[in-house]
Amino acid sequence: MGLVTPELGTFIWMLLAFAIVLFILKKFAWKPILSALKEREDSIEEALCSAERAKEEMAALQADNERILQEARKEREAMLKEAKEMGSKLVSEAKQKATLEADKVIESARINIESEKSAALNEIKAQVALLSVEIAEKILRQQFADDQQQKDYFKKLMDEVKLN
C-alpha cells in the first residue's frame, strides 16, 4: 500500500522534476512547434485564397464569354435586319452574306472564348503546380530536417538506381 500513497518528499521531487521539464519544453520546444503550426496554417490559408481567386476568375471569364456571345448574337440580328431592308432582288443574297458573316463572328468569338478559357486554365494549372511544389518542399524540409535522415534517404535512392 506504500507504493500507492505518495509521500511528501516524493511529491516535492516529482513536482520539481515536472517544473524543470515544463520549463525546458517551454524554453526550447514550444516556440518552434507553434511557429511550424502557424506556417502550415498560413500556407493552407494562402492555398485556399488562391483557389478562391481562381474560382472568381473563372466566374468572371464565364460572364465575359456570355457577354461576347450576346454581342455576337446582336451583331447577327443587326446584319439580318439590314439585309431585309434591301430591295427584293438583294434580299436573298444579303441574308446569305449576313448569315455567313454572323456565323464567322460567332465562330471567331467561340474560338476567342476557348483560347481565353484555355489560357486561364493553363494559368490556374501553373499556380496549382507551383503551390503543390511549395507545399511538397515544405513537407520534405520538415521530414528531412535531420542530416542523417537525408543521408539515409539519399543512400536508399542510390541503391534503387543501381538496381534498376
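For every chain, the first residue of the written sequence is number 1, and numbering continues from 1 along that sequence. Only residues with pLDDT of at least 70 are given local features in this predicted model, and only at 80 or more are side-chain atom pairs given and counted; all residues enter the totals for whole chains, interfaces and linings. The basis for every side-chain value is the complete set of non-hydrogen atoms in the structure, without hydrogens or water.

### Brief notes about the overall build of the protein
Let me state the cut-off plainly: Secondary structure elements follow DSSP: runs of H or I of four or more residues count as helices, runs of E of two or more count as strands, with numbering from the N terminus. Just to be clear, the radius of gyration here is over C-alpha atoms, and the globule rule we use is 2.2 Å times residues to the power 0.38. Note on classification: 1.4 Å probe, protein chains only; a residue is buried when its accessible area is under 20% of the maximum for its type, exposed when over 50%, partly exposed between these limits.
What the protein contains, in helices and strands, is 3 helices and 0 strands. Shown N-terminal to C-terminal, the secondary structure of the protein runs as helices and strands in the order α-α-α. Taking 15 Å as the expected radius of gyration for a compact globule of 164 residues, we find that the protein reaches 34 Å, considerably beyond that expectation. Dimensions of the protein, computed from C-alpha atoms along their principal axes, come out at roughly 120 × 50 × 30 Å. Within the span of the protein, comprising 164 residues, buried residues form 11% of the whole.

### Things to note about the pattern of salt bridges
Rules: Any Lys or Arg side-chain nitrogen located within 4 Å of an Asp or Glu carboxyl oxygen qualifies as a salt bridge.
In this structure the tally under the stated criterion is 4 salt bridges. Residue Arg67 is joined to Glu71 by a salt bridge in which the shortest nitrogen-to-oxygen separation is 3.0 Å. One end of the pair is Arg67 and the other is Glu71, both in helix 1 (residues 8–85) and 4 residues apart, which spans about a single turn. In this structure, Glu93 and Lys97 form a salt bridge, with 3.9 Å as the shortest nitrogen-oxygen distance. Here the residue Glu93 and the residue Lys97 both occupy positions in helix 2 (residues 88–143), the gap between them amounting to 4 residues, near one helical turn. By relative accessible area, Glu93 is classed as partly exposed at 43%.

### What to know about the UniProt feature "transmembrane region" (unreviewed entry) in the protein
Stated formally: UniProt positions are given in the numbering used here, feature names are shortened, and annotations may be inferred rather than shown by experiment.
Residues given the UniProt feature "transmembrane region" (unreviewed entry) here are residues 12–30. Secondary structure over residues 12–30 splits into 100% helix and 0% strand, and the C-alpha atoms at its two ends are 25 Å apart.

### Some thoughts on a negative patch on the surface
Counted only if it meets this: Residues enter patches when they are more than 30% accessible in relative terms and free of salt bridges; like-charged ones are connected within 9 Å and nonpolar ones (Val, Leu, Ile, Met, Phe, Trp, Tyr) within 5 Å. Only the protein chains shown count as cover for residues, and all accessible areas are computed by the Shrake-Rupley method using a 1.4 Å probe. We treat Lys and Arg as the positive residues and Asp and Glu as the negative residues; His and chain ends play no part in the count. By convention, the point assigned to a charge is CZ for Arg, NZ for Lys, CD for Glu and CG for Asp.
A cluster of acidic residues, Glu52, Glu56, Glu57 and Glu123, forms a negative patch on the protein surface. No other element matches the 3 residues that helix 1 contributes to the negative patch. With respect to the helices and strands, the residue Glu57 is situated in helix 1. Given the relative accessible area of 34%, Glu57 is considered partly exposed.

### Re the environment of Ala136
For Ala136, the position within the fold is in helix 2. With 122 residues separating them along the chain, Ala136 and Met14 place their C-alpha atoms 43 Å apart.

### Focus: a nonpolar patch on the surface
A cluster of nonpolar side chains, Trp13, Leu16, Ile20, Phe23, Ile24 and Phe28, forms an exposed patch at the surface whose accessible area comes to about 710 Å². With respect to the secondary-structure elements, Phe28 resides in helix 1.

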